[in-house]
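The residues making up each chain are set out below.
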Amino acid sequence: MEIWSISCDRCRFGYNTQTRTPFNLTGFPLLEVGKKEKVKMQLTMRDRSKNRKPLQKGRNLSIEAIQTIQSLKRAYKSSADNQQQVIDSKFSRLLKFDMMAILRELLRQDHCVLALMVFEEIQKEHWYKPSVSLYGEIISALARKGLHDNINIIVHEMKAEKGRLEAKTEGFNLLLESLMSYNLIEAALDCFELMKEVDCEPDRSTFKLLVAQLDSKGETGLSESIRKEAFRYYGDSIEFVNEQEEVTAC
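Residues with a pLDDT of 70 or more make up 72% of the chain, whose mean pLDDT is 80. Throughout residues 27-35 the model reports pLDDT below 50, and contacts reaching past four residues in sequence, or to other chains, amount to 12 contacts. With pLDDT under 50 throughout, residues 242-250 is counted as low confidence; its partners more than four residues away or in other chains account for 10 contacts.

Here is the structure:
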């Protein structure tokens with residue numbers, strides 16, 4: 001069924017093309033247009049599909065998750081006992097989705113101490129599966145705050161869980177890039193070794209990234225070692241000359 005609407009200076013009404021009857025849209029009497037009265041009119045056809053609201057994308061935090069974050073922040077300013085009380089009374093009762101949302105939101109806000117406390121609780125859940133991408137998010141937040149000692153602890157935990165670690169080359173590359181960007185060379189090389197231990201084969205981007213970063217930091221000896229290893233994987237098919245822009249894009 002098509003519905004036509006007409007707007008004018010004094011009224012607005014519609015016309016149903018199926019029943020061929022006009023109807024009022026404003027509550028005012030319909031305007032009778034005669035020859036002596038000139039009225040400017042605009043004829044439009046309404047598309048009902050345009051009434052639908054667009055889907056909203058972004059972070060989704062439930063009311064329970066928001067309240068838990070607020071409680072954790074308040075407890076952080078008081079005592080460790082209060083923090084644990086919030087964990088036991090609020091956080092531990094949440095669903096997986098809310099737990100992970102709280103962790104990522106705390107990391108986004110650089111509340112690293114609270115994020116580590118929450119992560120420790122998540123690790124106790126039966127559904128928890130260690131993944132390189134999640135460790136990468138945690139390490140990046142710690143690096144932004146300069147908490148290098150905590151990064152070493154997290155890397156050690158990740159290595160301890162290598163038997164069930166969900167690992168993808170892309171996730172490792174992002175982790176290596178993050179560590180190198182904060183000049184954490186030793187941690188990056190440890191993760192590179194872990195990458196190979198969990199049978200996650202380094203790709204060309206992995207080697208190019210490491211070589212470019214090590215060269216830029218003056219670590220020519222380590223860079224040469226990575227080049228030789230890359231040659232064992234890919235032979236002469238991998239080139240490192242003038243690849244800085246490509247590495248940055250990765």
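On to the pattern of salt bridges. Scanning the entire structure with this criterion turns up 9 salt bridges. Glu229 is the salt-bridge partner of Lys196, the closest N and O atoms lying 2.5 Å from each other. Here the residue Lys196 occupies a position in helix 8 (residues 185-197), and Glu229 occupies one in helix 10 (residues 220-234), the gap between them amounting to 33 residues. Given the relative accessible area of 10%, Glu229 is considered buried. A salt bridge links Asp215 to Arg227, with the shortest nitrogen-to-oxygen separation between them at 3.0 Å. With a gap of 12 residues between them, Asp215 in helix 9 (residues 204-216) and Arg227 in helix 10 connect regions that are remote in the sequence. Given a relative accessible area of 26%, Arg227 falls into the partly exposed group. Salt bridges sharing partners connect three or more residues here, namely Glu193, Lys196 and Glu229.

Here we take up unusual backbone geometry. A positive phi is found at Asp110, a non-glycine position, where the angle reads about 65 degrees. Within the secondary structure, Asp110 is located in the loop between helix 3 (96-108) and helix 4 (112-122). We classify Asp110 as partly exposed; its relative accessible area is 25%. With phi around 60 degrees, Asp199 is a residue other than glycine that occupies positive phi space. Structurally, the position occupied by Asp199 is in the loop between helix 8 and helix 9. Given a relative accessible area of 74%, Asp199 falls into the exposed group.

Calculation notes
Residues numbered from 1 in each chain as written. Predicted model: local features only at pLDDT ≥ 70, side-chain atom pairs only at ≥ 80, totals over all residues. Heavy atoms only, no water. pLDDT = per-residue confidence, 0-100. Contact = heavy atoms within 4.5 Å. Salt bridge = Lys/Arg side-chain N within 4 Å of Asp/Glu carboxyl O. Helix = DSSP H or I, 4+ residues; strand = E, 2+ residues; numbered from the N terminus. Buried < 20%, exposed > 50% of the residue type's maximum accessible area, 1.4 Å probe, protein only.

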